[in-house]
Amino acid sequence: MAIQPIDLSVMYSQMDNVAKFNASQNQAAYAANQSGMEKAAQEILEKSKAVQEAAKDNPQANTVRQDGRQGAGSDPQGSSKRRDSEEETENPSEQVEITDPRLGQHIDITG
C-alpha cells in the first residue's frame, strides 16, 4: 500500500499543529517559572527589609547579655528571671547516661 500525497499533507499539518501546541506549552511553563522566581525574590526582599526594620526598632536586639544570651524581647528582666528558675530546677551534675549493652553487637544487613 503506497502513501498518497494527500496523506503526507495531512500528516505534516498535524505535525505542525502538535509542534505549535508543544511550543506554547513550553512557553507557558517558562513564563510561570519566571513569575514564580520573581515572586520568591520579592518575598525574600520583603522579609529582609522586615528584619532590618525590627532591628532598627529595638537597639538592644543586637547586644549580647552577660550570661551569653541575646538581648531582644519585650520584658528582658522577667524572661531572665524565668530562665534562671528553670536552670535551678535542672541540675547538670545529675545527668544520667543511658547506654545499650548490645550496642554494636548486632548488624542488620537485610535493609
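Residues numbered from 1 in each chain as written. Predicted model: local features only at pLDDT ≥ 70, side-chain atom pairs only at ≥ 80, totals over all residues. Heavy atoms only, no water.

Asker: Where do I start with the overall build of the protein chain in this structure?
Answerer: Check the secondary structure of the protein chain and you find two helices and zero strands. When the 111 residues of the protein chain are sorted by exposure, 4% land in the buried category. A total accessible area of about 10,600 Å² is found for the protein chain, and carbon and sulfur atoms account for 54% of it. (Helix = DSSP H or I, 4+ residues; strand = E, 2+ residues; numbered from the N terminus. Buried < 20%, exposed > 50% of the residue type's maximum accessible area, 1.4 Å probe, protein only. Areas by Shrake-Rupley, 256 points an atom, 1.4 Å probe, with all protein chains shown as cover.)

Asker: Explain a nonpolar patch on the surface to me, please; I cannot follow it from the model alone.
Answerer: Judged by side-chain polarity, Ile 3, Leu 8, Met 11, Tyr 12 and Met 15 come together as a nonpolar surface patch covering roughly 520 Å² of accessible area. Looking at the element boundaries, Tyr 12 is found in helix H1 (residues 5–57). (Patch = residues over 30% accessible without salt bridge, like charges linked within 9 Å, V, L, I, M, F, W, Y side chains within 5 Å. Salt bridge = Lys/Arg side-chain N within 4 Å of Asp/Glu carboxyl O.)

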